[in-house]
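# Summary of the model geometry
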Amino acid sequence: HLLVRDAAYNALPKARRADLHEGFARWLGEHGQTLVELDELLGYHFEQAVRYRMELGENADDALAAAAREHLTAAGRRALRRLDFGTAVGFLERAGNLVPPGSLDLALEVDLLDALGGDRKGEEALNRARSIVSRAAAADDSIGELCGRILEGTQRMHVERTDATVELEALIAEALPVFEGAGDGLALRIVYGA
């Protein structure tokens, strides 16, 4: 019965729960290759292992957090491709919470902005774009900061319904040679998608 299962689970110490989630995810990764929702399951169990370990005050296991982020991102992107924006937002936000402090996963952020826009959460998308700018600046990532400013300008035009075309075009003219010089495909995609 579900209540018995929940009671037994809640009686386990958090350290044991973390070990069980991680162990099950590793087992499932080896034996569950035919499951359609494999990324969703692996992402959940790796994420739970990370969360319990952090609640216990342990240092985050970077490899475990990276595995959780990878699978949650894949699940979010799959939901985004099928235009299930609400589900995509949930998975991608959870993946974003697992990015190491001081780092920026720009591809994940772009997908999350697309999902938020599709889910009609324009204000959240605008705030997220603004946070990309500040996080990239803090990480001394000039390309990420320029991308964030372009994404912020694009989101602002959608949300505030203002014509900021001139400012956005000037920003793109500034960023394009930098992105071309760096050979950054994602940054160029952001510019040409603006």
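A brief report on the enclosed structure follows. Note that the coordinates shown come from a computational prediction; the quantities given were computed from them, not determined experimentally. (Residues numbered from 1 in each chain as written. Predicted model: local features only at pLDDT ≥ 70, side-chain atom pairs only at ≥ 80, totals over all residues. Heavy atoms only, no water.)

## Quick look at the pattern of salt bridges
Under the definition given, this model contains 19 salt bridges. We note a salt bridge from aspartate 39 to arginine 78, for which the minimum N-O separation is 3.3 Å. Linking aspartate 39 in helix 3 (residues 38-55) with arginine 78 in helix 4 (residues 62-81), this pair joins segments that are 39 residues apart in sequence. The class of arginine 78 is partly exposed, set by a relative accessible area of 24%. Among the charged side chains, a salt-bridge network with shared partners connects Asp19, Glu22, Arg26, Arg53 and Glu58. (Salt bridge = Lys/Arg side-chain N within 4 Å of Asp/Glu carboxyl O. Helix = DSSP H or I, 4+ residues; strand = E, 2+ residues; numbered from the N terminus. Buried < 20%, exposed > 50% of the residue type's maximum accessible area, 1.4 Å probe, protein only.)

## Some words on the side chain of glutamine 155
Position of glutamine 155 relative to the elements: it lies in helix 8 (residues 142-160). Residue classification places glutamine 155 among the buried positions, given a relative accessible area of 12%. Aside from chain neighbours lying at most four places away, what touches glutamine 155 is Leu113, Gly122, Ala125, Leu126 and Ala129. (Contact = heavy atoms within 4.5 Å.)

## Some words on the packing of aromatic side chains
Under the counting rule described, the total for this entry stands at one aromatic pair. Judged by centre distance (6.0 Å) and plane angle (25°), the rings of phenylalanine 24 and tryptophan 27 are stacked. With phenylalanine 24 and tryptophan 27 both in helix 2 (residues 14-31) and three residues apart, the pair spans about one turn of that helix. With a relative accessible area of 36%, phenylalanine 24 lands in the partly exposed category. We note arginine 17 situated over the ring of tyrosine 9; from NZ or CZ to the ring centre the distance is 5.0 Å. Its guanidinium or amino end placed over the ring of tyrosine 52, arginine 51 lies 4.5 Å from that ring's centre, counting from NZ or CZ. (Phe/Tyr/Trp six-rings, centres within 6.5 Å; stacked < 30°, edge-to-face > 60°. Lys NZ or Arg CZ within 6 Å of the ring centre and 35° of its normal.)

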